[in-house]
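The residues making up each chain are set out below.
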Amino acid sequence: MSDLIEGYLGETVERKKSRMPAKLDYIQSATGLFLGLFMWGHMLLVSSILISKDFMYGVTKLLEASFIFDGGSPIIVSIFAFVIFVIFITHAAMGMRKLPGNFKQYQVMKSHADNMDHEDTKLWFIQAFTGFAMFFLGSIHLYIIMTNSDAIGPYASADRVWSEWMWPLYILLLLAVEFHGTIGLYRLAVKWGWFDGKDPKASRAKLKMWKKSLTYFFLILGFTTLAAYMKIGMDHADKAGERYQPTAKVIEYKINDGRVA
Ligand code: HEM
């Protein structure tokens, strides 16, 4: 508890400098880096539906470790989602330290930011707003995935998106996560000087260009993917709940003349 007070004040009761804020900052950076990179991987995996339903089915089974457990084991996905959830909450808790404590503080910060007209200060406001939104939206998604890991697949996911009304939440979450993720990774690179090189000013301009391109790329990929799930979900609405059978299994079924082998 005294550590927390120290962390908040940035100094101990004896007025010695505390290492706590630096430690918490480091935890925030490390969890942010992990989550940012995880989200890129997540978006690529979810977008497997754009290649084909069979491909998305194959990716799902691979993540359920079907190469070890016959037919895959969704509990692995639940455990993984739980770990991500813990990292997500830790990151959010670290971020909350930096939010204004009341409306008056917010007004002061906002008017400073407006007067400065400094791009990186504006980015901070976007981070605070999108982070706040993600705390609710991301928690709902993670909880549903964690407790329904056996319902991930071309039809199960599309039914959740369309028939179970997840698409409005995904639109908001997608916007928040894409801005928050790329801005966060950009700010990390600037903060820790990862790509400073010989001319930090030129490197920062390059980093900004990367930030913008990656934001566009993942927004386009994300919305195209969401549109694909919505379309499949719409077409499948009258059979919602029915699971996808991969083409190989359907062919096997037909060869066996309708008998399940
Ligand atoms: C282990 C953790 C996670 C798993 C297994 C997972 C899984 C999935 C799956 C299967 C979908 C497809 C739609 C569906 O089945 O409902 C999806 C969509 C989505 N997820 Fe996650 N997710 C995880 C973590 C996260 C986190 C932490 C975020 C952001 C805070 C997130 C944001 C999104 C968004 C925005 C979509 C919609 C993407 C689109 O349609 O383009 N997910 N996720």
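In this report, the structure presented in the accompanying data block is examined. (Residues numbered from 1 in each chain as written. Predicted model: local features only at pLDDT ≥ 70, side-chain atom pairs only at ≥ 80, totals over all residues. Heavy atoms only, no water.)

**A short note on the coordination of the iron atom of the ligand**
- For the iron atom of the ligand, the protein coordination sphere consists of H42 (NE2) and H141 (NE2), at 2.1 Å.
- The exposure class assigned to H141 is buried, which follows from its relative accessible area of 16%. (Donors = N, O, S within 2.8 Å, 3.2 Å for Na, K, Ca; no water. Buried < 20%, exposed > 50% of the residue type's maximum accessible area, 1.4 Å probe, protein only.)

**Re the pattern of salt bridges**
- Under the defined criterion, the tally for this structure stands at four salt bridges.
- Between D25 and R97 there is a salt bridge; the shortest N-O distance is 3.1 Å. Taken as a pair, D25 in helix α2 (residues 20-46) and R97 in the loop between α4 (75-96) and α5 (103-116) lie far apart in primary sequence, 72 residues in all.
- For the salt bridge of K231 with D235, the shortest nitrogen-to-oxygen distance reads 2.6 Å. Here the residue K231 and the residue D235 both occupy positions in helix α9 (residues 200-235), the gap between them amounting to four residues, near one helical turn.
- On the basis of relative accessible area, K231 is assigned to the partly exposed category, the value being 48%.
- In this structure, a network of salt bridges that share partners links the residues D25, R97 and K191. (Salt bridge = Lys/Arg side-chain N within 4 Å of Asp/Glu carboxyl O. Helix = DSSP H or I, 4+ residues; strand = E, 2+ residues; numbered from the N terminus.)

**Describing helix α8 (residues 167-192)**
- For α8, which comprises 26 residues, the first-to-last C-alpha distance of 37 Å matches the rise-based estimate of 38 Å (1.5 Å per residue) to within 8%.
- At the exit of α8 stands G193, carrying a positive phi of roughly 60 degrees. (Expected span 1.5 Å × (residues − 1).)

**What to know about the site of the ligand**
- In the vicinity of the ligand, 23 residues are found, and the nearest of them are H42, H141, S157, Y170 and G222.
- Take H141: an N or O atom from its side chain is 2.9 Å from a nitrogen atom of the ligand.
- Contact distances for the ligand include 2.5 Å between an oxygen atom and a side-chain N or O atom of Y170. (Near = heavy atom within 4 Å. Polar contact = N/O pair within 3.5 Å; in protein donor to acceptor, adjacent residues only side chain to side chain.)

Geometric descriptors of this kind do not, in isolation, establish any biological role.
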